[in-house]
Amino acid sequence: GLQSIVDVEDAVRLEIRHAAHNVLLSQIVDLSGRPPEAVWTVDGDEVAIRLDSIRRLDAVFERLTAAGVNNTIILLNAVPTEPAPENPLIHPKTDLKRAPNHLGAFNLATQRGARSFRAALEFLANRYSDPAGEHGWVSGYIIGNEVQAHWSWYNLGRADANDVVADYALALRTAHAAVRKFHPQTRVYVSMDHHWTARPDSDPAKSLAGKDLLDRLNALVKSQGDFEWHVAFHPYPENLFNPRTWDDEQATLDENTPKITFKNLEVLAAYLRRPEMRFEGRPRRIILSEQGFHTPEGPEGEELQAAAFAYAYYRALHLEGIDAFILHRHVDHRDEWGLRLGIWTRKPDSATTPDRKKRLYEVFQAADSAHWRSAFEFARPIIGIERWEELLPPEAVRR
């Protein structure tokens, strides 16, 4: 699959089967104060809905659903840099001035905030829960982004681990209840980056380890009444600028590994199979909802990027518990810290206008086809293997 799709028709030509879409809460809840085109009622109170944004989502979801694509929404909460007391979406603990990426935690700390959050999810789930529906189908909702790096991507200000997990667990539980009203199998996902026992930030008030997040979340949810949540994981290479993920030194086959990348992805799959992590006896499922491979400078850069994808796709394909591999991103982005992660290059004077297909394009397109071996053949000497079967995970966690 693909994330950050720029050209829907090109995505269809690539024959993707999954797509992940960033959706801002403020795109759904209308904060303009003007007479709304639509409302959604929560506990007797009406919440205004932005139909202009919804119609744009309709166009994407309708086309992709018709092409057989499974859509997942990544729900995010963009926040301003200055206080806005009238805005119910702002969590009172978010550090507006210093939040690095202007993304905050969802506000369930006030009644208006909680109603707005529920209204957005209920409206979306009502509209997109029928696979044969006129507006398209969404089967899952990722709640926030990379929660263990909460300062950067789910800002609650400086916060300790217990406070972060308690706040996030409430958002996750509320989301689950909202979307399950309309389809009994719609999923909610916890968003995680590749840090496992390492923290994304050395400051303990700005992040926590991924394993710690899962353990605390699992224990808290079960103490309050378990529900079905799953994991949206981002197994980027340990160095985002080095696509040679097979050389990752911080990715070991130990449950206390500092990071989980494609080199040791079986650690995550095995961890979620542990009895204490399961829901009603079943392991939590995994989608790889965001990961990509940088294109280094030089003539070999595109070959390296494509080889990294081939390595990662083969390993993920043979792991039990992995439901989707969603590549980030469709086209190189001008403002992504110098990373060139796209299947396409971009036009130099643009942010994401496609320019030229990279080597990765044809490799990506062939990944789930009958001729994958011939398409992947170039990658074996780059990775340093004679047979693809050398990359198979242990038998216990294979499909």
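Look up a bit, the structure's there.
Cut-offs used in this document
- Residues numbered from 1 in each chain as written.
- Predicted model: local features only at pLDDT ≥ 70, side-chain atom pairs only at ≥ 80, totals over all residues.
- Heavy atoms only, no water.
- Helix = DSSP H or I, 4+ residues; strand = E, 2+ residues; numbered from the N terminus.
- Rg over C-alpha atoms; globule rule 2.2 N^0.38 Å.
- Buried < 20%, exposed > 50% of the residue type's maximum accessible area, 1.4 Å probe, protein only.
- Salt bridge = Lys/Arg side-chain N within 4 Å of Asp/Glu carboxyl O.
- Polar contact = N/O pair within 3.5 Å; in protein donor to acceptor, adjacent residues only side chain to side chain.
- Pairing = 2+ DSSP bridges.
- Expected span 1.5 Å × (residues − 1).
- Arc of directions from axis to C-beta.
- Contact = heavy atoms within 4.5 Å.
- Core = buried A, V, L, I, M, F, W, Y, C linked by side-chain atoms within 4.5 Å.
- Axes fitted to C-alpha atoms, helices over the stretch in contact; angles between N-to-C directions.
- Left-handed = near helix turned anticlockwise from the far one by under 90°.
- Nonpolar A, V, L, I, M, F, W, Y, C, P; charged D, E, K, R; others polar.
- Phe/Tyr/Trp six-rings, centres within 6.5 Å; stacked < 30°, edge-to-face > 60°.
- Lys NZ or Arg CZ within 6 Å of the ring centre and 35° of its normal.

Student: Can you help me understand the overall build of the protein chain in this one?
Tutor: On a plain count of helices and strands, the protein chain comes out with 12 helices and 12 strands. Relative to its length of 399 residues, the protein chain is compact, with a C-alpha radius of gyration of 21 Å against a globular reference of 21 Å. On the principal axes, the C-alpha backbone points of the protein chain span a range of 65 × 40 × 40 Å. Each of the 399 residues in the protein chain was classed as buried or not, and the buried ones make up 57%.

Student: Looking at this structure, I do not really get the pattern of salt bridges. What am I missing?
Tutor: Two side chains of opposite charge can pair, provided their charged atoms sit close to one another. Under the criterion given, the structure shown has 34 salt bridges. Here Arg55 ties to Glu37 by a salt bridge, and the two come within 3.0 Å at their closest N and O atoms. Here Arg55, found in helix H3 (residues 51–66), pairs with Glu37, found in the loop between helix H2 (25–28) and strand S3 (38–42); they are 18 residues apart in sequence, far enough to count as distant. The closest approach of N and O atoms between Arg274 and Glu255, which form a salt bridge, is 3.0 Å.

Student: It is not clear to me how the side chain of Thr261 should be interpreted in this structure. Could you clarify?
Tutor: Along the polypeptide, Thr261 turns up in the loop between strand S8 (229–233) and helix H8 (266–272). What makes Thr261 buried here is its relative accessible area of 0%. Among the polar contacts listed, one links the side chain of Thr261 to the side chain of Asp248, at a separation of 2.8 Å.

Student: What exactly am I supposed to notice about the pairing of strand S4 (residues 45–49) here?
Tutor: Residues in a regular strand point their side chains to alternate faces of the sheet. As paired elements, S3 and S4 share five bridges and run antiparallel to each other. Its bridge partner lying in S4, Val42 is registered against Asp45. Here S3 folds back onto S4, and the loop between the two strands holds two residues, one of which, Asp43, carries a positive phi near 50°.

Student: How do you make sense of the environment of Asp58 when you look at a structure like this?
Tutor: Counting through the fold element by element, Asp58 comes out in helix H3. Assessed through its relative accessible area of 5%, Asp58 is described here as buried. Measuring from C-alpha to C-alpha, the distance between Asp58 and Glu134 comes to 8.7 Å, with 76 residues separating the pair along the chain.

Student: Explain helix H7 (residues 210–224) here, please?
Tutor: Helical periodicity: at 3.6 residues per turn, an α-helix aligns residues three or four positions apart in one direction. The end-to-end C-alpha distance of H7 is 21 Å, a good match for the 21 Å that 15 residues give at a rise of 1.5 Å each. Among all positions of H7, only Gly210, Lys211, Leu213, Leu214, Leu217, Asn218 and Val221 are buried. Around the axis of H7, the buried residues are gathered within 155° of arc, so they sit on the same side. Where H7 is buried, its residues contact helix H6 (161–180), strand S7 (187–192), S8 and H8.

Student: When you look at unusual backbone geometry in this model, what are you seeing that I'm missing?
Tutor: The phi angle of most residues is negative, glycine excepted, and most peptide bonds adopt the trans form. Following His328, the chain continues into Arg329 via a peptide bond in cis, with omega recorded as 10°. Of note, Arg329 is situated in the loop between strand S10 (322–327) and strand S11 (344–346). Even without glycine at this site, Glu15 takes up a positive phi of about 60°. In this fold, Glu15 is placed in the loop between helix H1 (8–13) and strand S2 (18–24). Classification of Glu15 by relative accessible area gives partly exposed; the value is 48%.

Student: Explain the side chain of His294 to me, please; I cannot follow it from the model alone.
Tutor: For His294, the position within the fold is in the loop between strand S9 (286–291) and helix H9 (301–317). Reaching out from His294, the side chain makes a polar contact with the backbone nitrogen of Arg340 at a distance of 3.0 Å. Among residues more than four places away in sequence, those in contact with His294 are Leu240, Phe241, Pro243, Gln305, Gly338, Leu339, Arg340 and Leu341.

Student: Quick question: what am I supposed to make of the nonpolar core here?
Tutor: One broad rule of soluble globular proteins: the nonpolar side chains tend to lie buried together. Core analysis: the largest hydrophobic core is formed by 114 residues, its most contacted members being Phe117, Trp229, Phe309, Phe325 and Trp388. When residues in this core are grouped by element, the largest group, 11 residues, is from H9. In this structure, Trp229 is in contact with Leu172, Val188, Val190, Leu214, Leu217, Asn218, Val221, Met277 and Arg284, ignoring residues within four places of it in sequence.

Student: Would you mind going over the packing of helix H4 (residues 111–128) against H6 with me for this structure?
Tutor: Axes are the key here: two packed helices are described by the angle between their axes and the distance separating the axes. Relative orientation of the contacting elements H4 and H6 amounts to 35°, with a least axis distance of 8 Å. Every pair of crossing elements has a handedness; the one defined by H4 and H6 is right-handed. Between H4 and H6, the residues in contact are Phe117, Arg118, Leu121, Glu122 and Ala125 and Ala171, Thr174, Ala175, Ala178 and Val179, respectively. Class assignment for the residues of the contact of H4 with H6 results in seven nonpolar, one polar and two charged.

Student: Would you mind going over helix H10 (residues 359–366) with me for this structure?
Tutor: Most of H10 is tucked away, with six of its eight residues classed as buried. All buried positions along H10 are accounted for by Arg359, Leu360, Tyr361, Val363, Phe364 and Ala366.

Student: Which parts of the structure should I look at to understand the packing of aromatic side chains?
Tutor: In total, this model carries 20 aromatic pairs according to the counting rule given. Between Trp372 and Phe376 the ring centres are 5.6 Å apart and the planes differ by 75°, which places this aromatic pair in the edge-to-face class. Here Trp372 and its partner Phe376 are both found in helix H11 (residues 372–376), four residues apart, which amounts to about one turn of the helix. Here the aromatic residues Phe262, Phe293, Phe309, Tyr313, Phe325 and Phe364 are joined through ring pairs into a cluster of three or more. The lysine or arginine in question, Arg359, covers the ring of Phe378, its NZ or CZ lying 4.1 Å from the ring centre.

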